[in-house]
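Overview (structure and organization)
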Amino acid sequence: MIKFQKFQGTGNDFIIFKESDLKDIDYSVLAKKVCNRNFGIGADGMIVVAKSNNSDVKMCFYNADGSIATMCGNGIRCFSKFVYENSIVNNTEFSVETLAGIMKIKVSLENDKVAFVDVNLGRPLFVAPEIPIDKENKLYINKEISVGNETFKVNSLVIGTIHTVIFVDDFENIDFERIGSKIENSEIYPMKTNVNFCKIIDKENIDVVTWEKGVGITKACGTGAAASAIISSIVHDCSKKVKVKVKGGELFIEQRDGEAFLIGPTEYICSGEYNYYTN
């Protein structure tokens, strides 16, 4: 039996384990089992809390299909609540090692519990191995790409992980699954891509629906919200401080001195023991 806790951040839910409880267990296999909503606990992703040699703590993140993800914005917010409330870290400001680099965290407390988490996601990358190579060495902004027999105008960057942003006028007639899957798996993107459908409300408010690679449509995606906010400020001159409405609630993205900050609530759902060996 393996102890776990489950959290959600704007509807994006995660199962969290401690590394010390997972001896001789394949994390990818475990992720596929526990994240299954019919035969497991059910979640968008799995997180393992591990020791770090260069930060206060380390986050290992796995998508629901068992694949490894470099970072997850909502995941790291839930992770931060877990490590603080379980006394793995004791300060309200701390560092987290991820495959995307070291993230700086600040938690806000209410009645000694973490209510909001502020994550410094760092500087966005517009040129990276994950992003298609532009022949003219320009940023991958407002690029027309052909996927199958359809053409899309896309914007790509890396903020924790790769994200592609498509601007739409409304969500009513969008086939998120079909388009998201097509672009995610397009040969144009060597490491696949998350796909964000972004609707501009005004200069300080945007709506976002995210298709996450390895997961599908989720209630929210923190790094996807950040990517959409950054691209919106470039393409549509939106504010450097925006409220992002997602399916599971609201997130706030601020751009300060070239860095992106993700701010939002996180909530403990439940805890228990998972019987790995019979599932």
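This structure is a prediction, so every number in the text was calculated from the model and none was measured.

A tally of helices and strands in the protein chain yields four helices and 18 strands. For 279 residues, the compact-globule estimate of 2.2 N^0.38 gives 19 Å, and the protein chain sits close to it at 18 Å. Judged by the C-alpha coordinates and their principal axes, the protein chain covers about 50 × 40 × 35 Å. A buried classification covers 55% of the 279 residues belonging to the protein chain. Within the protein chain, contacts between residues separated by at least 24 positions form 61% of all contacts whose residues are at least 6 apart in sequence. Computed over 32 positive and 37 negative side-chain charges, the inter-centroid distance for the protein chain is 1 Å.

Non-glycine residue D24 carries a positive phi angle of around 60°. Tracing the chain through its elements places D24 in the loop between β2 (12–18) and α1 (27–35). For N111, which is not a glycine, the phi torsion comes out positive at approximately 55°.

This part takes up the state of the cysteines. By the definition in use, this model includes zero disulfides. The thiol of C60 is unpaired, and the distance to the nearest cysteine sulfur, on C72, comes to 14 Å. Note on C60: relative accessible area 17%, which makes it buried. Between C198, a cysteine without a disulfide, and C238, which holds the nearest cysteine sulfur, the sulfur-to-sulfur distance is 7.3 Å.

Scanning the model with the defined rule gives six aromatic pairs in all. Aromatic pair F7 and F82: ring centres 6.1 Å apart, planes at 80°, arrangement edge-to-face. Taken as a pair, F7 in strand β1 (residues 2–9) and F82 in helix α2 (residues 73–85) lie far apart in primary sequence, 75 residues in all. In this structure, F7 and F82 share a single accessibility class: buried. Each ring, one from F7 and one from Y268, has its centre 5.6 Å from the other, and the planes form 70°; the classification is edge-to-face. Of this pair, F7 sits in strand β1 while Y268 is found in strand β18 (residues 267–274), placing the two residues 261 residues apart along the sequence. A relative accessible area of 0% means that F7 is categorised as buried. Ring pairing ties together the aromatic residues F7, F82 and Y268, which thus form one cluster. Against the face of Y276 rests K33, its NZ or CZ located 5.8 Å from the ring centre. In this arrangement the basic side chain of R256 is found over the ring face of F261, its NZ or CZ atom lying 3.8 Å from the centre.

Burial of strand β11 (residues 161–167) is extensive: six of the seven residues sit out of reach of the surface. The sheet contact formed by strand β10 (residues 150–159) and β11 spans five bridges and is antiparallel. Its bridge partner lying in β11, V158 is registered against I162. Between β10 and β11, which pair antiparallel in sequence order, lie one residue; one of them, G160, sits at a positive phi of approximately 85°. The parallel pair β11 and strand β12 (residues 194–202), bridged by helix α3 (residues 176–184), forms a crossover whose chirality is right-handed.

Looking now at the pattern of salt bridges. Scanning the entire structure with this criterion turns up 12 salt bridges. Two residues, E150 and R178, come together in a salt bridge whose shortest N-O distance is 2.5 Å. With a gap of 28 residues between them, E150 in strand β10 and R178 in helix α3 connect regions that are remote in the sequence. With a closest N to O distance of 3.7 Å, E250 and K243 form a salt bridge. Salt bridges here are not isolated pairs; linked through shared partners, they connect K6, D13, R37 and D44.

In this section: the environment of G9. Relative to the elements of secondary structure, G9 occurs in strand β1. In this structure the C-alpha to C-alpha distance between G9 and V215, which are 206 residues apart in sequence, comes to 16 Å. Excluding anything up to four places from it in sequence, G9 contacts N74, R77, C78, A220, P265 and T266.

What counts, and where the lines are drawn
- Along every chain, residues carry numbers that run from 1 in the direction the sequence is written.
- Only residues with pLDDT of 70 or above have their local features reported here, since the model is predicted, and side-chain atom pairs are shown and tallied only from 80 upward, although totals for entire chains, interfaces and linings are computed over all residues.
- With hydrogens and water excluded, all non-hydrogen atoms of the structure serve as input to the side-chain values.
- Helix and strand assignments follow DSSP, with helices taken as H or I runs no shorter than four residues and strands as E runs no shorter than two, numbered in order from the N terminus.
- We take the radius of gyration over the C-alpha atoms and set the globule estimate at 2.2 Å times the residue count to the 0.38 power.
- The buried label applies to any residue whose accessible area, calculated with a 1.4 Å probe on protein chains only, is under 20% of its type's maximum; exposed applies above 50%, and partly exposed to all values in between.
- Two residues form a contact once any of their heavy atoms are found within 4.5 Å.
- By the counting scheme adopted, Arg and Lys are positive, Glu and Asp are negative, and His together with the chain ends is not counted.
- Here the site of a charge means atom NZ of a Lys, CZ of an Arg, CG of an Asp or CD of a Glu.
- Note on disulfides: each one is a pair of cysteine sulfur atoms within 2.5 Å.
- Each pair of aromatic rings taken from Phe, Tyr and Trp, with Trp reduced to its six-membered ring, is defined by centres within 6.5 Å and is described as stacked if the planes are under 30 degrees apart, edge-to-face if over 60, and tilted in the remaining cases.
- Sitting over a ring, as applied to charges here, requires NZ of Lys or CZ of Arg to be within 6 Å of the ring centre and within 35 degrees of the ring normal.
- Two strands pair if DSSP finds at least two bridges between them.
- Looking down the strands as they point away from you, a crossover is right-handed if its path from the first strand over the helix to the second goes clockwise.
- Criterion for a salt bridge: a side-chain nitrogen of Lys or Arg within 4 Å of a carboxyl oxygen of Asp or Glu.

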